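# Chain and residue survey
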Amino acid sequence: MTHALNIVWNPSEGIDLGFFIIRFYSLMFVIAFGLGWYIMKKIYERENESIENLDSLFVWTVLATLIGARLGHVLFYDWEYFRNHLLEIFLPFRFTPQFEFTGYQGLASHGAAISIIVAMYYYSKTVIKKPLLWILDRVVIAVASGAIFVRLGNFFNSEIVGKQTDSIFGIQFIRDHFSPREAVSLTNIANPTEAYSAIATNPKFAALLQQVPLKHPAQLYEAFCYIFVFALLYFLYWKTDARNKRGYLFGMFLVLLWTIRFIVEYVKESQGGFESALGLLSTGQWLSIPFIMIGFYFIFTADKPIKI
């Protein structure tokens, strides 16, 4: 099959303000948390809950997401490396083979999910003084909206890419195929950003561009599907009595989001982890199964509608 779309993906790092660059990946996280705060504000207003409690919810959710996602990646996907480089778990540097600023590379959504649930338990008991499922049924609406932008951030970063394909959806992820050091070495252009741009646009480096395979934009597949997860949860909360069936929306979120993740994993490149030991499924799929099963449990055991 011919490659009809012919997309070479080499985005700029972000919005250059001259004195500072707003990286697209970071911007997507800001949008995710900002939109989540706005959605929860509307929910709290409807439920006549104090907006003051929303500030602590925001703080706990942000911390839980970032810390949980980081620890999830470390423990589920790359423990063999990090157990010998413990400082690199929380420091944005690599010390071997040479000192290098790397940023926080590696965030796992499964870890974030577990951490958010733990944080919501603490929040429900000490701040809002309501059942855990009350806050989980509502916060998952905001989380679903945020998941869309997190995956868009992955797309801008050319990470979590799909497997090679000859379909019309295939994209050439230059930054995934060539590391910054390789791009500089192969083009003899000292600046990595300029080196990537040359590979993408300069006919002189057409041979290098041809080496970049077409891959599924798995991040976009997930982001697109998460739009429907968010839309459904939003509709059920605002237009039906589902919000009064304790655990129902939380269960729907778990089933829908992790089923999508399970399916998309089939076209993703391996992210490592323990899949080589278990075989058959990817690490992401194995980790998704418990969430799906728990989700079905809450859907089928949800309380009958209650009057508040």
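See above for the structure.
A few points on the structure.

Cut-offs and rules
Residues numbered from 1 in each chain as written. Predicted model: local features only at pLDDT ≥ 70, side-chain atom pairs only at ≥ 80, totals over all residues. Heavy atoms only, no water. Phe/Tyr/Trp six-rings, centres within 6.5 Å; stacked < 30°, edge-to-face > 60°. Helix = DSSP H or I, 4+ residues; strand = E, 2+ residues; numbered from the N terminus. Buried < 20%, exposed > 50% of the residue type's maximum accessible area, 1.4 Å probe, protein only. Axes fitted to C-alpha atoms, helices over the stretch in contact; angles between N-to-C directions. Parallel < 35°, antiparallel > 145°, perpendicular 65-115°, else oblique. Contact = heavy atoms within 4.5 Å. Nonpolar A, V, L, I, M, F, W, Y, C, P; charged D, E, K, R; others polar. Polar contact = N/O pair within 3.5 Å; in protein donor to acceptor, adjacent residues only side chain to side chain. Salt bridge = Lys/Arg side-chain N within 4 Å of Asp/Glu carboxyl O.

This brings us to the packing of aromatic side chains. For the structure shown, the criterion picks out 18 aromatic pairs. Ring centres of Phe24 and Phe156 lie 4.7 Å apart, and the angle between their planes is 25°; on these two criteria the pair is classed as stacked. Of this pair, Phe24 sits in helix H1 (residues 24-46) while Phe156 is found in helix H5 (residues 132-156), placing the two residues 132 residues apart along the sequence. The exposure class of Phe24 is buried, given its relative accessible area of 17%. Centroid distance Phe224 to Phe228: 5.2 Å. Interplanar angle 75°. Geometry classified as edge-to-face.

Contact pair helix H4 (residues 109-128) / helix H11 (residues 248-264): the axes reach a minimum separation of 13 Å and the direction vectors enclose 170°. Of the possible angle classes, the one that applies to H4 and H11 is roughly antiparallel. Along the contact surface, H4 presents Ser109, His110, Ala113 and Ile117, while H11 presents Phe250, Trp258 and Arg261. When grouped by side-chain class, the residues that make up the contact of H4 with H11 number four nonpolar, two polar and one charged.

All right, on to the side chain of Gln285 then. Note that Gln285 resides in helix H13 (residues 283-301). Reaching out from Gln285, the side chain makes a polar contact with the backbone nitrogen of Ser282 at a distance of 3.0 Å.

Below, the discussion takes up the pattern of salt bridges. Counted under the stated rule, the structure contains nine salt bridges. Note that Glu222 is salt-bridged to Lys268, the shortest N-O span being 2.6 Å. With Glu222 in helix H10 (residues 218-239) and Lys268 in the loop between H11 and helix H12 (275-278), this pair connects stretches of sequence that are 46 residues apart. Of the two residues, Glu222 and Lys268, neither departs from the other in class, the shared state being buried. Here Glu265 makes a salt bridge to Lys268, at a shortest N to O gap of 3.3 Å. With a relative accessible area of 7%, Glu265 lands in the buried category. For Lys268, a relative accessible area of 2% translates into the label buried. Salt bridges sharing partners connect three or more residues here, namely Arg151, Glu222, Arg261, Glu265 and Lys268.

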